[in-house]
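Commentary on secondary and tertiary structure
What follows is the residue order along each chain.
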Amino acid sequence: MKKTPRSTAKASPRRQQLDRYLAQVRHIILARQDANTGLLPASTAITVHGDYTHAWVRDNVYSILAVWVLALAYRHEDKAIATGLEQNVVQLMRGLLAAMMKQAHKVERFKHTQDPLDALHAKYSTSTGEPVVGDTEWGHLQVDATAIFVLQLAQMSASRLAIVQSADEVAFVQNLVHYLARAYRTPDFGIWERGHKRNEGVAEINASSLGMAKAALEAIAGFEPLPGQAPAIHVLADDIALARETLEALLPRESESKETDAALLSIVGYPAFAVDDPALATRTRALIVEKLQGRYGCKRFLRDGHQTVLEDHARLHYEPGELGNFEHIESEWPLFFTYLLLDAALRGDVAEAADYRGRLDALMQEQDGQLLLPELYYVPADAVAAERAVPHSQTRVPNENVPLVWAQSLYIVGVLLQEGYVSAAELNPLGRPPKREAVATCVQVAVLAADELVQGRLAAHGITAQTRAEAAPLRVRFASDLAALLAEAGASTALGLSGRPLHRIGSLATARAYVLGAETLVFLPSIFGPQSGYLALDNRLLVDAIGAEMATLRRHWP
């Protein structure tokens, strides 16, 4: 039988459909990618709400996800196309890395101060990677933006993309870990960049930011970008544990001012999978759907005046009593249906995934032969009164920001997953969230005697203990010594970066053994440090402190 030449062979219907998605990605996303920096504009619109031609860190990471996932799909079909798409992904991620590395001095300051004015910028020039607004002219401290970059850097690297390529870049990524490590106590301006619900520019702790930071720390821990050439990325388990405790205490709220927020969809499901308690994740998602879901998408949060016809664009913030003006007429964002589509598909809920896919398809606007998702739908002025009287009754209209590339990208990712072009494992190569076994943890305590006199007194009470000298070849040192050793993690003379700040070392860190050269080191808990003054404590208080350390180990190990 004569073989048909490959160039003329008819592609299967499945391949034809995949090629149509490729054409969309090239037209909608890659056509906007800057050839020099690799960065993407958030959109092409310049409106009273902002210049969307700038490259937001968050939007860039979300926008390139469709390209990355499409590359994963083409690995099964056409490796040449897959390689080309992977190069686009690497170029963008390295473009973001380069833009942030130019601000290494800010990272160095911020890890000590957590001052919003020391924060990495949230957006850059698409064509140069340089800052486009001043430190005081924007709410740059957006923990989730830095965290989504670190999270997806880890995920994409796990899928065999070489994004980090030098020792200085490894050092910078390690410093991004230090940047995020205290997210549990760092108020930020959040995903919507304004902080408090009243748009006052007041930072607050946001669960969506904290959850993304927790996910980033978990994902990047132990990452080895350059095996044999640079150390692995080091993350202290105590930083993750503190993020977990704070996140679980805050949910299902978003923050002090926001009862809930659709941004939480990004941490209860894809891409962060940051909530360890499935029941809490389900409750948070259900609250979002109950309070925020409409026909055209989800509201960002209750009484959100952004881009409603009643908003005064000349003012940056609202008066306290003014929020009620926006009740029931908040703009609805199709973006959040993409999260719900992905969430349903990953849970294997075929009917729910199909429902959200249908809702999204109905919201598309046609431009130049392409079906595109607007940023949001708002209530027109002549329908405000009727919408207030009967919520969800009026026809809304799309704003002029079409497409919101971030939303279009997540839609394509959801469709590729729903239609089986990629698997959940490929979409999540690190297997997030990490499995935490629901078993009782037994904490074992080793007792060391300070000297032979103490050893003898302990023996008189039936307690066998070695001195530090007798514990050899193990070397027993103080927690402050571990802090000093970790202070070298991420140090780079070329970038002007020191390592980890000399913050207190937690019990999860001191409960491990460490290898340094030919030595094995173990460390006393911080409460037994030479500067802690534990001997001056009331004995009952000391016992309670030890009990608290053991409880932390039981709750958060491994």
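A brief look at the structure comes next.

What counts, and where the lines are drawn
- Residues numbered from 1 in each chain as written.
- Predicted model: local features only at pLDDT ≥ 70, side-chain atom pairs only at ≥ 80, totals over all residues.
- Heavy atoms only, no water.
- Helix = DSSP H or I, 4+ residues; strand = E, 2+ residues; numbered from the N terminus.
- Rg over C-alpha atoms; globule rule 2.2 N^0.38 Å.
- Buried < 20%, exposed > 50% of the residue type's maximum accessible area, 1.4 Å probe, protein only.
- Areas by Shrake-Rupley, 256 points an atom, 1.4 Å probe, with all protein chains shown as cover.
- Lys, Arg positive; Asp, Glu negative; His and termini not counted.
- Charge placed at Lys NZ, Arg CZ, Asp CG, Glu CD.
- Phe/Tyr/Trp six-rings, centres within 6.5 Å; stacked < 30°, edge-to-face > 60°.
- Lys NZ or Arg CZ within 6 Å of the ring centre and 35° of its normal.
- Pairing = 2+ DSSP bridges.
- Axes fitted to C-alpha atoms, helices over the stretch in contact; angles between N-to-C directions.
- Contact = heavy atoms within 4.5 Å.
- Core = buried A, V, L, I, M, F, W, Y, C linked by side-chain atoms within 4.5 Å.
- Expected span 1.5 Å × (residues − 1).
- Arc of directions from axis to C-beta.
- Left-handed = near helix turned anticlockwise from the far one by under 90°.

1. A short note on the overall build of the chain
- Looking only at helices and strands, the chain has 19 helices and 13 strands in total.
- Its C-alpha radius of gyration of 26 Å places the chain within 12% of the 24 Å reference for a compact globule of 558 residues.
- Each principal axis of the C-alpha distribution contributes one length, and for the chain these read about 85 × 75 × 45 Å.
- Looking at the chain residue by residue over its 558 residues, the buried ones come to 53%.
- When the accessible surface of the chain is split by element, carbon and sulfur atoms take 54% of a total near 24300 Å².
- Placing the 54 positive and 64 negative side-chain charges of the chain at their respective mean positions leaves the two points 5 Å apart.

2. Considerations on the packing of aromatic side chains
- Scanning the entire structure with this criterion turns up 14 aromatic pairs.
- Linked through ring pairs, Tyr62, Trp192, Trp333, Phe336, Tyr339 and Trp406 together constitute an aromatic cluster.
- Lying over the aromatic face of Phe478, Arg468 brings its terminal NZ or CZ to 5.2 Å of the ring centre.

3. What about the pairing of strand E13 (residues 519-523)?
- Across 3 bridges, strand E11 (residues 475-477) lies against E13 in parallel orientation. Across the sheet, Arg475 pairs through a bridge with Leu521, a residue of E13.
- Bridge analysis of strand E12 (residues 514-516) against E13 gives 3 bridges, and the strand direction is antiparallel. Residue pairing in the sheet places Leu516 in a bridge with Glu519 of E13.
- Where E12 folds back onto E13 in an antiparallel hairpin, the turn is made up of 2 residues, including Gly517, whose phi is positive at roughly 65°.

4. Brief notes about the sheet that holds E12
- On the basis of which strands lie adjacent, the open sheet formed by 3 strands has the order E11-E13-E12 and mixed pairing. Each having just a single partner strand, E11 and E12 make up the two edges of the open sheet. Across the sheet, the mean angle from the axis of one strand to that of its neighbour is 40°, orientation sign disregarded.
- Sheet strands in contact with helix H17 (residues 479-486) are E11, E12 and E13, and its direction is about 125° off that of E13.

5. Points about the nonpolar core
- Phe149 and Ile220 are the most contacted members of the largest nonpolar core, which totals 139 residues.
- The element that contributes the greatest number of residues to this core is helix H2 (residues 57-74), accounting for 14 residues.
- Those residues in contact with Phe149 that sit more than four places away from it in its chain are Val57, Val61, Met93, Leu96, Leu97, Met100 and Leu176.
- By size, the runner-up hydrophobic cluster in this structure holds 10 residues, among which are Ala479, Leu486, Ala509 and Tyr514.

6. Overview of the environment of Ala389
- Note on placement: Ala389 falls in helix H13 (residues 384-389).
- Taking the C-alpha atoms as reference points, Ala389 and His328, 61 residues apart in sequence, are found 8.6 Å from one another.

7. Some words on helix H12 (residues 350-363)
- For H12, spanning 14 residues, the distance from its first C-alpha to its last is 20 Å, which sits close to the expected 20 Å at 1.5 Å a residue.
- Three or more residues of H12 are buried, namely Ala353, Tyr356, Arg357, Leu360 and Leu363. Buried positions in H12, seen along its axis, are confined to an arc of 125° and lie on one side of it. Among the exposed residues of H12, those oriented more than 90 degrees off its buried face are Val350, Ala351 and Ala362.

8. A few points about the environment of Ala353
- For Ala353, the location among the structural elements is in helix H12.
- With relative accessibility at 3%, the residue Ala353 sits in the buried group.
- Between the C-alpha atom of Ala353 and that of Ala219, which follows or precedes it by 134 residues, the distance is 27 Å.
- Ala353 has contacts with Leu341, Ala344, Ala345 and Gln418, leaving out every residue within four places of it along the chain.

9. Observations regarding the packing of helix H4 (residues 104-113) against helix H6 (residues 167-180)
- Look at H4 against H6: their axes get within 9 Å of each other, and the N-to-C directions meet at 35°. Relative to H6, the crossing made by H4 is left-handed. Contacts between H4 and H6 involve Ala104, Val107, Glu108, Phe110 and Lys111 from the former and Phe172, Asn175, Leu176, His178 and Tyr179 from the latter.

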